[in-house]
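Observations on the model geometry
The primary structure of each chain is shown beneath.
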Amino acid sequence: MRELALNVLDIAENSLAAGAKLIGISLSFDTAKDTMRIEIDDDGCGMDEETLRKVTDPFTTSRKTRSVGMGLPLFKYSAESAGGSFSIASQKGKGTKVCAQYRIGHIDRMPLGDFGGVVLQLVTMNPKVDFCISVTDGEHSGVLDTREVKSVLGEDIPLGAPEVRAFLKDYIQENLVSIYGGRL
């Protein structure tokens, strides 16, 4: 993958496949400390201990269509090769939490990419799932919680409606620019 936002999309798709009804995605960074952290957590089916031990092996996958799963191994590699760290915790029946931390200025850190576009796609294309997206730089922060948006819109207006999608796109982009202004 050429950008970290695509890793986020891939991990979130794993959460969807695991039956998650709530997915949290957190992006936090501190330019003074040269750190960026990405967390994805869900309330999906979770993994047993044996699966958890093997999940970062590219030849371990739950997919039936092919015997290779590269999402988590690539996410782990991207963090560790950029002077950071990777962790994953999961409990059967309770969900999974994936965390990758990066040194922002490391020469091997992939660009964040179109994080806003990934968020917009996830939120508007998965109407039966709730997302809580948070972004912070320690000083400024923004949260998009689809449960709140849905309560304002009511049941008759989906997040994927053209007017809502356009509003969400602008809202996400404005918040991301005000928080990190293209620095990642």
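Right above here is the structure, for reference.
What comes next is a walk through the structure. (Residues numbered from 1 in each chain as written. Predicted model: local features only at pLDDT ≥ 70, side-chain atom pairs only at ≥ 80, totals over all residues. Heavy atoms only, no water.)

Description of the overall build of the protein
Heads up, the condition is: Helix and strand labels come from DSSP, where a helix needs a run of H or I of at least four residues and a strand needs a run of E of at least two; each type is numbered from the N terminus. Any two residues whose heavy atoms approach within 4.5 Å at even a single point are treated as in contact. Using a 1.4 Å probe, the Shrake-Rupley method yields the accessible areas, and only the shown protein chains count as cover for residues. Positive: Lys, Arg. Negative: Asp, Glu. His and the chain ends are not part of the count. Throughout, a charge is located at the NZ atom of Lys, the CZ atom of Arg, the CG atom of Asp or the CD atom of Glu.
Per the secondary structure count, the protein includes six helices and six strands. Helices and strands in the protein line up, N terminus first, as α-β-β-α-α-β-β-α-β-β-α-α. Seen along its three principal axes, the alpha-carbon backbone of the protein occupies a region of about 45 × 40 × 25 Å. For the protein, long-range pairs separated by at least 24 residues make up 62% of all intrachain contacts whose partners lie at least 6 apart in sequence. Counting only carbon and sulfur atoms, one obtains 52% of the accessible surface of the protein, whose full area is about 10,100 Å². Taking the average place of the 21 positive charges on the side chains of the protein and the average place of its 26 negative ones, the gap between the two points comes to 6 Å.

With respect to empty space enclosed by the protein
Any space left empty among the atoms is revealed by the rolling of a water-sized probe across them. For clarity, the cut-off: Detection works on a 1 Å grid of protein atoms alone, calling trapped sets that fit a 1.4 Å probe cavities and calling open sets with protein on both sides within 12 Å along at least five of seven lines pockets, with lining residues defined by an atom within 4 Å of a point. Grid points are joined across faces, edges and corners, and a volume is the space filled by probe spheres set on the points. Charged residues are taken to be Asp, Glu, Lys and Arg, nonpolar residues to be Ala, Val, Leu, Ile, Met, Phe, Trp, Tyr, Cys and Pro, and polar residues to be all remaining types, Gly included.
Under the counting rule described, the total for this entry stands at one cavity of 30 Å³ or more. For the largest cavity, the calculated volume is near 120 Å³. What lines the largest cavity is a set of 13 residues, among which Ile133, Val135, Gly142, Leu144 and Asn175 lie closest to the centre. For the lining of the largest cavity, the element with the most residues is helix 6 (residues 162–180), which contributes five residues. Considering only residue class, the lining of the largest cavity consists of ten nonpolar, three polar and no charged.

Some words on the packing of aromatic side chains
Stated formally: The aromatic pairing rule takes the rings of Phe, Tyr and Trp, using the six-membered ring of Trp, and pairs them if the centres are within 6.5 Å, calling planes under 30 degrees apart stacked, those over 60 edge-to-face and the rest tilted. Any residue under 20% of the maximum accessible area for its type is buried, any over 50% is exposed, and the rest in between are partly exposed; the area is computed with a 1.4 Å probe on protein chains only.
For the coordinates displayed, the defined rule picks out three aromatic pairs. Look at Phe29 and Tyr180: their rings are 5.7 Å apart centre to centre, the planes differ by 85°, and that puts the pair in the edge-to-face class. Residue Phe29 is located in strand 1 (residues 22–30), and its partner Tyr180 is located in helix 6; the two are separated by 151 residues in the primary sequence. Per residue, the accessibility class of Phe29 equals that of Tyr180, and both read buried.

Brief notes about the side chain of Arg109
Short version of the rule: As used in this structure description, the phrase polar contact means that two N or O atoms lie within 3.5 Å; if the pair is within protein, one of them must be able to donate a hydrogen and the other to accept it, and residues adjacent in sequence are counted only when both atoms belong to side chains.
Looking at the secondary structure, you find Arg109 in the loop between strand 4 (95–103) and helix 4 (115–125). At a separation of 2.8 Å, a polar atom in the side chain of Arg109 contacts the main-chain carbonyl oxygen of Ile104.

Let's talk about unusual backbone geometry
Notably, Asp34 is not glycine yet its phi reads approximately 60°, a positive angle. Inspection of the secondary structure assignment puts Asp34 in the loop between strand 1 and strand 2 (35–42).

Some points on the nonpolar core
Under the convention used in this document: In plain words, nonpolar cores are sets of buried Ala, Val, Leu, Ile, Met, Phe, Trp, Tyr and Cys residues tied together by side-chain atoms within 4.5 Å.
Judged by nonpolar contacts, the single largest core of 45 residues is most densely connected at Ile25, Ile38, Phe75, Tyr102 and Phe115. Put simply, the parts of the chain that give this core at least two residues each are helix 1 (4–17), strand 1, strand 2, helix 3 (71–81), strand 4, helix 4, strand 5 (130–136) and helix 6. Not counting the four nearest positions on each side in its chain, Phe115 is found in contact with Ala5, Val8, Ile25, Leu27, Ile133, Val135, Leu176 and Tyr180.

Here we look at the sheet that holds strand 6 (residues 141–145)
So the rule is basically this: For two strands to count as paired, DSSP must find a minimum of two bridges between them. In this analysis an axis means a line fitted to C-alpha atoms, helices contributing only their contacting stretch, and an angle means the value between N-to-C directions, from 0 to 180 degrees.
If you trace the six strands from one edge of the open sheet to the other, you get 3-4-2-1-5-6, paired in mixed fashion. Two strands in the sheet have a free side with no partner beyond their single neighbour: strand 3 (85–91) and strand 6. The sheet shows a mean angle of 5° between the axes of neighbouring strands, taken without regard to direction. The pairing of strand 5 with strand 6 spans five bridges and is antiparallel. Its bridge partner lying in strand 6, Ser134 is registered against Val143.

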